[in-house]
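# What the coordinates show
These are the residues of each chain, in order.
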Amino acid sequence: MNPAKLSTIPFVRARFDVRSFHPTVCTMVSLARATRIFTRIDELEQQMDQESELNDFPEKKLVTMRDVARAAGVSVSTVSRVLDERLPTSRSASADKIRQVARELGYRRDYVASSLRRGDTGTLGVLVPRLTDAVTAMLFEEIARAAARRGYFAIVATCGDSKEQEKNAVESLLDRRVDGLIMSTCRLDDPLPQALRERDVPHVLALRTDGFSPSSVGDDELGGYLATRHLIDLGHRDIGLIGGPDFASNALNRRKGFERAMQEAGLRIEAEWCCHSDFNIASGEQQGMKILSQPHRPSALFAVNDELAIGVLAAAHQQGLVIGEDLSLVGYNDIPLVSRLPVALTSVRTPLEHIASNAVDMLLNPEVNNNMRITTPSLIPRKSTSSPRQ
């Protein structure tokens, strides 16, 4: 900082003249007050130095599509088409050159300007109960990938199992002008999807459905049937069910599949071996203990998701039962963990990447929407299931 410039400020000028102060003048100012004054002066000097540095290095000019077009020798509209992430990627030599020039110039798309021109923001809001649940976390990752392939950015909000938090999260996402919603939080008694339909808010339900809003789901009844049929084919006749919550369509449909397989095989469904539950590990352990501690227990259990099945593993261990020998167990969703358990878990897999991709397609292309897209599951047999002991 130039002292001549700084000395034009009277209060600061005194800072430079401090060594020539007359002793009588110095005694007029207490030491504490002088310290505060000079500390403040130092702060002002640092602030002015920073401002001077900013003036010495002006902000770098923003690179525009026009700059890219000029450097590449093409029209601005051509650059716009090539760099639009929502369109299929062109592999022509001209397109490759445009992308290379854009990289060299440091071009970055101005999303605010684009949204003003198009009337959208290029963002999709995703609502899930929680990200500590492996399935919903994996679903969001797949939605984010599917959205990115189409030039959109996905943002996520969580709401637990609270209707009020769900409503607040939706309004928060809409306040941020997302172009649409993908929700895996639907409850059969939930008025929110109907409210969104009445407001013409673009939305798609994923994993669960209310039977009315556009939905991308797995064939959960078929999945429940495959899990139970697998146990029956192994020779099991005493089969129990940990069925998940009543408010979730996917849990109810998996129960329907269980019931259909049992009825086809002419097997009795024992009420004391079948129960409702939450979707978490603690609930699986709690309900598993109730069933497995009975004097006459089933030889096999179907849990309608993998976290419930992991809870059953804990209950079986407490009861001294060996999974795959004393008790056969099937889960659902085939999350990555279950194949790496000490006894790898048999599970039903529904490709989440398909559910996510379908949900994004339905949201962005409502004119070709058939209101429901169903992904086919498959059974993945592992060591946790075997023939019952004789």
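Provided above is the structure to which this section pertains.
This structure is a prediction, so every number in the text was calculated from the model and none was measured.

Each value, and the rule that gives it
Residues numbered from 1 in each chain as written. Predicted model: local features only at pLDDT ≥ 70, side-chain atom pairs only at ≥ 80, totals over all residues. Heavy atoms only, no water. Buried < 20%, exposed > 50% of the residue type's maximum accessible area, 1.4 Å probe, protein only. Helix = DSSP H or I, 4+ residues; strand = E, 2+ residues; numbered from the N terminus. Contact = heavy atoms within 4.5 Å. Pairing = 2+ DSSP bridges. Axes fitted to C-alpha atoms, helices over the stretch in contact; angles between N-to-C directions. Phe/Tyr/Trp six-rings, centres within 6.5 Å; stacked < 30°, edge-to-face > 60°. Lys NZ or Arg CZ within 6 Å of the ring centre and 35° of its normal. Polar contact = N/O pair within 3.5 Å; in protein donor to acceptor, adjacent residues only side chain to side chain. Parallel < 35°, antiparallel > 145°, perpendicular 65-115°, else oblique. Left-handed = near helix turned anticlockwise from the far one by under 90°. Nonpolar A, V, L, I, M, F, W, Y, C, P; charged D, E, K, R; others polar.

### Considering helix H5 (residues 65–72)
- Along H5, the residues classified as buried are Met-65, Asp-67, Val-68, Ala-69 and Ala-72.
- Looking at the buried positions of H5, the neighbouring elements they touch are helix H6 (76–83) and helix H7 (93–105).
- Backbone geometry just downstream of H5 places Gly-73 in the positive-phi region, at approximately 75°.

### Topic: unusual backbone geometry
- One non-glycine residue, Arg-177, lies in the positive phi region at around 60°.
- Positionally, Arg-177 belongs in the loop between helix H10 (163–175) and strand S3 (181–183).
- The phi angle at Asn-333 is positive, at roughly 110°, despite the residue not being glycine.
- With respect to the secondary-structure elements, Asn-333 resides in the loop between strand S9 (328–332) and strand S10 (346–349).

### As for the sheet that holds strand S12 (residues 378–380)
- The strand order S7-S6-S8-S9-S10-S12 describes an open sheet built from six strands, whose pairing is mixed. Edge positions in the sheet fall to strand S7 (274–275) and S12, since each has one partner strand and no second.
- Direction of pairing for S10 relative to S12: antiparallel, over a ladder of three bridges. Along S12, the bridge assignment pairs Val-348 with Leu-379.
- Running at roughly 165° to S9, helix H12 (residues 220–233) makes contact with strand S6 (239–242), strand S8 (300–303), S9, S10 and S12 of the sheet.

### Considerations on the environment of Val-63
- Considering the arrangement of structural elements, one finds Val-63 in the loop between helix H4 (31–56) and H5.
- Using a relative accessible area of 15% as the deciding quantity, one classes Val-63 as buried.
- Each C-alpha atom, one on Val-63 and one on Gly-106, is 6.9 Å from the other, the two residues being 43 residues apart in sequence.
- If near-sequence neighbours (up to four positions away) are discounted, Val-63 is found in contact with Val-68, Leu-105 and Tyr-107.

### Focus on the sheet that holds strand S11 (residues 372–375)
- Taken in spatial order, the six strands line up as S2-S1-S3-S4-S5-S11 in an open sheet, and their pairing is parallel. Of all strands in the sheet, those bounded by a partner on one side alone are strand S2 (153–158) and S11. Taking the axes of each pair of neighbouring strands and ignoring which way they run, one obtains an average angle of 20° across the sheet.
- The strands that helix H9 (residues 134–149) touches are strand S1 (123–128), S2, S3 and strand S4 (203–206); relative to S2, the one it contacts most, it runs at about 160°.

### Points about the packing of aromatic side chains
- Tallied over the full model, the rule gives one aromatic pair.
- The lysine or arginine in question, Arg-187, covers the ring of Phe-247, its NZ or CZ lying 3.9 Å from the ring centre.
- One cation-aromatic arrangement involves Arg-254 over Tyr-332; the distance from NZ or CZ to the ring centre is 3.7 Å.

### Remarks on the pairing of strand S5 (residues 215–218)
- By the alternation rule, side chains of S5 split into Ser-215 and Val-217 and Ser-216 and Gly-218, which are all buried.
- Relative to S5, S4 runs parallel, the two being bridged by two bridges. In the sheet register, Leu-205 faces S5, and the bridge partner there is Ser-215.
- Where S5 and S11 come together, four bridges link them in parallel fashion. The residue bridging Ser-216 from the neighbouring strand is Arg-373, located in S11.

### So, the side chain of Thr-385
- Its place among the elements puts Thr-385 in the segment after S12.
- A distance of 2.8 Å separates a polar atom in the side chain of Thr-385 from a polar atom in the side chain of Thr-346.
- With residues up to four places along the chain from it excluded, the contact list for Thr-385 reads His-230, Leu-231, Leu-234, Gly-324, Ser-328, Leu-329, Val-330 and Thr-346.

### Some words on the environment of Arg-176
- With respect to the helices, strands and loops of the structure, Arg-176 is situated in the loop between H10 and S3.
- Sequence-wise, Arg-176 and Gly-125 are 51 residues apart; in three dimensions their C-alpha atoms are separated by 9.1 Å.
- At a separation of 2.7 Å, a polar atom in the side chain of Arg-176 contacts the side chain of Ser-172.

### Brief notes about the packing of H12 against helix H13 (residues 249–264)
- Where H12 meets H13, the closest approach of the two axes is 6 Å, and the angle between their N-to-C directions is 40°. When the axis of H12 is compared with that of H13, the two are oblique. Considering how the two elements wind past one another, H12 and H13 form a crossing that is right-handed. Contacts between H12 and H13 involve Asp-220, Glu-221, Gly-224, Tyr-225, Thr-228, Arg-229 and Ile-232 from the first element and Asn-250, Asn-253, Arg-254, Lys-256, Gly-257, Phe-258, Arg-260, Ala-261, Met-262 and Glu-264 from the second.
- Residues belonging to the contact of H12 with H13 are distributed by class as follows: five nonpolar, five polar and seven charged.

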